[in-house]
Amino acid sequence: MSSVKRAIYPGTFDPITLGHIDIIERAAFLFDEVVVTVARNIGKNPLFTVEERMEMIRESVRHLPGVKVDNFNGLIVDYAKTTGAQAMIRGLRAMSDFEYEFQMALVNRTLYPDMVQVFLMPHEAYTHLNSTVVREVASFGGDISPFVSTAVVKKLKEKFEKKS
Ligand code: ADP
């Protein structure tokens, strides 16, 4: 077994926010390698394509050498098995995240008991933040710079300029 401690951080990242980046930084402190992996098979009708989301993540995590970006389809436990990840990271913002995360964690543990699931709390400045609210503010031309990286501000502006 490899001694490299690898964690995966799955999500929609539509787009990546400062809350996600906070979690990635904390995970990078704990693990040798953190793979941020974008879910392809999500029924959420995303604003950005998988490639666009991956590119925004790459630009937002440049300062973190152990962080890689990938995408996956299907079950996250199957992705963890094939990539040899020992751990999966999830962010916990508030109690409202807990019920869903608790259920998923127990299902994942049943499917793949060898994978450790790690829940990290972001700085309190980001506990209210999700990608949906960022997309909504951006769609009305609001200032999203307190919520996302400069690279993402630019991409969101371009996206909504094209749409209008
Ligand atoms: P969202 O809930 O914004 O659609 P994702 O599906 O991309 O986000 O979430 C991926 C992971 O990141 C989940 O574990 C989610 O709880 C976590 N996460 C999302 N936003 C934040 C935030 N502001 N702070 C901490 N964790 C977050």
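Please read all numbers here as calculations on a predicted model, not as lab measurements.

Visitor: What is the right way to look at the overall build of the chain in this model?
Guide: Scanning the chain from terminus to terminus reveals 6 helices and 5 strands. In summary, the chain has a C-alpha radius of gyration of 16 Å against a globular reference of 15 Å for 164 residues, a match within 12%. Counting only C-alpha atoms and orienting by the principal axes, one finds that the chain spans roughly 50 × 35 × 30 Å. Expressed as a percentage of the 164 residues in the chain, the buried residues total 45%. Long-range pairs, those at least 24 residues apart, make up 77% of the contacts in the chain between residues at least 6 apart in sequence. For the chain, the accessible area works out to roughly 9,300 Å², and carbon and sulfur atoms hold 56% of it. Positive and negative side-chain charges of the chain, numbering 20 and 20 respectively, have mean locations separated by a distance of 3 Å.

Visitor: Before we go on, may I ask you to explain the packing of helix H2 (residues 50-60) against helix H6 (residues 150-163) in this structure?
Guide: Any two packed helices are characterised by how steeply their axes cross, that is the angle between the axes, and by the distance between the axes. For the pair H2 and H6, interaxial distance at closest approach is 9 Å and the crossing angle is 150°. Taken together, the axes of H2 and H6 lie roughly antiparallel to each other. Here Glu52, Glu55, Met56, Glu59 and Ser60 of H2 lie close against H6, whose contacting residues are Ala151, Val152, Lys155 and Lys159. Split by residue class, the contact of H2 with H6 holds 3 nonpolar, 1 polar and 5 charged.

Visitor: Could you clarify how one ought to interpret the site of the ligand in this entry?
Guide: Taken together, 19 residues lie around the ligand, and Tyr9, Phe13, Gly91, Tyr126 and Leu129 are the ones closest in. Interatomic distance of 3.2 Å between a side-chain N/O atom of His20 and an oxygen atom of the ligand. Gly91 has a polar backbone atom sitting 2.8 Å from an oxygen atom of the ligand. Considered on its own, the ligand offers 540 Å² of accessible surface; in the complex 92% of this is hidden by protein. Those elements giving two or more residues to the shell around the ligand turn out to be strand S1 (6-11), helix H1 (18-30), strand S4 (87-91) and helix H4 (95-111). For the shell around the ligand, the per-class residue count stands at 7 nonpolar, 7 polar and 5 charged.

Visitor: Can you help me understand the side chain of Thr37 in this one?
Guide: Mapping Thr37 onto the fold places it in strand S2 (residues 33-39). Residue Thr37 is classed as buried on the basis of its relative accessible area of 0%. In this view, Thr37 contacts Tyr9, Pro10, Gly11, Phe13, Asp70, Asn71, Phe72, Ile76 and Tyr79; residues no more than four positions away in its chain are not counted.

Definitions and cut-offs
- Residues numbered from 1 in each chain as written.
- Predicted model: local features only at pLDDT ≥ 70, side-chain atom pairs only at ≥ 80, totals over all residues.
- Heavy atoms only, no water.
- Helix = DSSP H or I, 4+ residues; strand = E, 2+ residues; numbered from the N terminus.
- Rg over C-alpha atoms; globule rule 2.2 N^0.38 Å.
- Buried < 20%, exposed > 50% of the residue type's maximum accessible area, 1.4 Å probe, protein only.
- Contact = heavy atoms within 4.5 Å.
- Areas by Shrake-Rupley, 256 points an atom, 1.4 Å probe, with all protein chains shown as cover.
- Lys, Arg positive; Asp, Glu negative; His and termini not counted.
- Charge placed at Lys NZ, Arg CZ, Asp CG, Glu CD.
- Axes fitted to C-alpha atoms, helices over the stretch in contact; angles between N-to-C directions.
- Parallel < 35°, antiparallel > 145°, perpendicular 65-115°, else oblique.
- Nonpolar A, V, L, I, M, F, W, Y, C, P; charged D, E, K, R; others polar.
- Near = heavy atom within 4 Å.
- Polar contact = N/O pair within 3.5 Å; in protein donor to acceptor, adjacent residues only side chain to side chain.

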